[in-house]
Amino acid sequence: MAKFVLAGKGDCPYYAKAELLADLLRGSLPNFSIHKISINPDEWTEWLEDTCIRNEWKHEQSPLIWRELVDQGGKGMLLGGFSDFLEHCQEYYGITYNMPSDMMLSVAAENLETKMNLNAEKQHRVSLTTPFHIWISSAVSPVCQFLIPDLLSAEVFPHISTISLHLLDLEGDQEELQGMKMETEDLALPLLHQVTIHTNLEAAFHKADVILLLDERLPEGDGENEVEKEKKRQIKSITARYQEYGQLIDARANKEVKVIVAGDSFVNLRCSLLLENAPSVDSHRVVGMATQLENEARALIANKLRVRASDVTDVIVWGNISGSFHADLQKAKVFHYNGAIQGPDFFFQAVLQMLHDKKWLEKDFQHLLKCQRADVTSKTRRAAAMSAANGILAVLKAWNGDRSRDEVLSVGVQSTGHPDLPDGLVFSVPATFMDGKWSVMSGVAVGEELRERLQLSAGELRQEKDLGSENYTSHEDENFPVQ
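A short tour of the structure in this document, coming up. (Residues numbered from 1 in each chain as written. Predicted model: local features only at pLDDT ≥ 70, side-chain atom pairs only at ≥ 80, totals over all residues. Heavy atoms only, no water.)

## A closer look at the nonpolar core
The biggest cluster of nonpolar side chains holds 58 residues, and the ones touching the most others in it are Ile134, Ile136, Leu151, Leu167, Leu212 and Ile392. Considering each element in turn, this core owes the most residues, nine residues, to helix H12 (residues 385–399). Setting aside chain neighbours within four positions, we find Ile136 in contact with Cys144, Leu147, Ile148, Leu151, Leu165, His166, Leu167, Leu168, Leu212 and Leu214. Ala290, Leu300, Val317 and Ala327 belong to the second largest nonpolar core, which has 55 residues in total. (Core = buried A, V, L, I, M, F, W, Y, C linked by side-chain atoms within 4.5 Å. Buried < 20%, exposed > 50% of the residue type's maximum accessible area, 1.4 Å probe, protein only. Helix = DSSP H or I, 4+ residues; strand = E, 2+ residues; numbered from the N terminus. Contact = heavy atoms within 4.5 Å.)

## Here's the deal with helix H1 (residues 13–28)
Taking 1.5 Å of rise per residue, 16 residues should cover 22 Å, and H1 covers 23 Å from first to last C-alpha, within 8% of that figure. Turning to H1, its buried residues number three or more, namely Pro13, Tyr15, Ala16, Lys17, Ala18, Glu19, Leu21, Ala22 and Leu25. (Expected span 1.5 Å × (residues − 1).)

## Remarks on the side chain of Lys258
Within the element layout of this structure, Lys258 appears in strand E9 (residues 258–261). One buried charged residue, Lys258, remains without a salt bridge, the closest side chain of opposite sign being Glu256 at 8.1 Å. Engagement of the side chain of Lys258 in a polar contact is seen with the backbone oxygen of Trp399, the distance being 3.5 Å. One polar contact links Lys258 to Asn400, side chain to side chain, over a distance of 2.9 Å. (Lys, Arg positive; Asp, Glu negative; His and termini not counted. Salt bridge = Lys/Arg side-chain N within 4 Å of Asp/Glu carboxyl O. Polar contact = N/O pair within 3.5 Å; in protein donor to acceptor, adjacent residues only side chain to side chain.)

## Brief notes about the sheet that holds strand E14 (residues 333–335)
Pairing is antiparallel across the open sheet formed by three strands, whose spatial order is E11-E14-E15. The outermost strands of the open sheet, each flanked by one partner alone, are strand E11 (312–313) and strand E15 (348–350). Sheet topology places E14 next to E15; three bridges connect them, and they run antiparallel. Across the sheet, the residue bridging to Phe335 is Phe348, located in E15. (Pairing = 2+ DSSP bridges.)

## Some words on the packing of H1 against helix H3 (residues 82–93)
The N-to-C vectors of H1 and H3 enclose an angle of 20 degrees; their axes lie 10 Å apart at closest approach. On the basis of the axis angle, H1 is roughly parallel to H3. With respect to the hand of their crossing, H1 and H3 are arranged in left-handed fashion. For the pair H1 and H3, the contacting residues are Tyr14, Lys17, Ala18, Leu21, Ala22 and Leu25 in the first and Phe82, Phe85, Leu86, Cys89 and Tyr93 in the second. A breakdown of the residues in the contact of H1 with H3 according to their chemical character gives 10 nonpolar, no polar and one charged. (Axes fitted to C-alpha atoms, helices over the stretch in contact; angles between N-to-C directions. Parallel < 35°, antiparallel > 145°, perpendicular 65-115°, else oblique. Left-handed = near helix turned anticlockwise from the far one by under 90°. Nonpolar A, V, L, I, M, F, W, Y, C, P; charged D, E, K, R; others polar.)

## What to know about H12
One turn of the α-helix equals 3.6 residues, which is why residues spaced by three or four share an orientation. A rise of 1.5 Å per residue sets the reference length of H12, with its 15 residues, at 21 Å; its end C-alpha atoms lie 21 Å apart and thus fit the reference within 8%. Turning to H12, its buried residues number three or more, namely Ala385, Ala388, Ala389, Gly391, Ile392, Leu393, Val395, Leu396, Ala398 and Trp399. One or two steps after H12, the chain reaches Gly401, where phi turns positive at roughly 105 degrees.

## Section: the packing of aromatic side chains
What characterises a pair of aromatic rings is the spacing of the ring centres plus the angle enclosed by the ring planes. Applying the stated rule across the entire model yields 11 aromatic pairs. An angle of 55 degrees between the planes, with centres 5.2 Å apart, marks the rings of Phe132 and Phe157 as tilted. Of this pair, Phe132 sits in strand E5 (residues 132–136) while Phe157 sits in the loop between helix H5 (142–151) and strand E6 (163–168), and the two are 25 residues apart along the sequence. Phe132 sits in the buried class, given a relative accessible area of 17%. Here the aromatic cluster, defined as three or more aromatic residues joined through ring pairs, consists of Trp135, Phe205, Tyr242 and Tyr245. Between Lys333 and the ring centre of Phe348, over which it is positioned, the NZ or CZ distance is 4.7 Å. The ring of Phe325 carries the charged tip of Lys370 above its face, separated from the ring centre by 4.5 Å. (Phe/Tyr/Trp six-rings, centres within 6.5 Å; stacked < 30°, edge-to-face > 60°. Lys NZ or Arg CZ within 6 Å of the ring centre and 35° of its normal.)

Below is the structure:
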């Protein structure tokens, strides 16, 4: 399939001529498609320069025409200007086109007028609506691609009529972000108002109502010492970045903003850093996503009991989401279990009463859960993006009212006043959601074994905070400055 992209100044007569020639070919050839990009004349020079630098092309005039390599992937193949396009059409399709000069000028004037009218209409529509602003960091990650189609829906945001989506990636490629923007717009989602892309923090989190932070930083190294040094370096880098994120959220975001921190690394630490640097944001507005761990635990238990993963509910995840966590089944329920006692769909039994393999429960289960995500990654050769996106959506739905008062959801929150948790640290705890607010679940027993595990998590979280502190020094990390 041949796909050509035609870009030009709105008032350029040769762009008009190329446009009509492309329309003729599209009407005559079954596998010929075109994409037109009309640029305001005062924006053309900058747009052309940026596009040529990004694609390593050399071109100086309007129009700019290239062919997308649809079947091969990779960047497009530059054809050039109108003359080059015409020559290509004559050689490959045996089609030429002659247009009188006055007609060229007339079409160019029409193009410019249409472009100006479209711009005016767009600005008018924007002025008439107050969109709900969602910011996603690390937007080029696979998690974001799985997340967007279901995120922008009335199921997740039942009381929102229009959403502006802002894709932020400080290490991202401008062209890849532009591709994500185009693909998101191609979904034609009813709630989508506009998509913006950002590779710096100049406008980050402006008017944000929801912020989803997907950053992932995993230690790399050949030996144990190298991994430890890399971990320290990354913690320092994360600390610097999230201190800045917190300050920007404090200054720019809606004060009722909801922030979800997700990922495989340092989720609790990143939440703590945001809260420390965004003092005007209520601590109840920032949570770490532990639902991915919950769902992984549900899948393991379901496989053991031979039921569906959705039949297992109310698994609790305590502690450090990215480190020393503990999956607690004291409240866990199983539905549709094929045992001695069965009942209607609403009938459930306690998971602990149905799991008779105590060795598996006490030893293997926790180990398998810690390895589950790495096992998925080794098989798919990418992060467990689908389950991460699903976990984020579960938190948002609960936060926006789609959750029963009795259902349990584990989230990383700042500990204040819990008798078994040190104040000031972010822990994953069981929570219930009601009317858009969460509260730590009461009536959950914390025995001696669980208390010891929580103390282990607390020590781990304190160490992470110490490693990121400017006052922390050691001989091992002197050569790893904050980036």
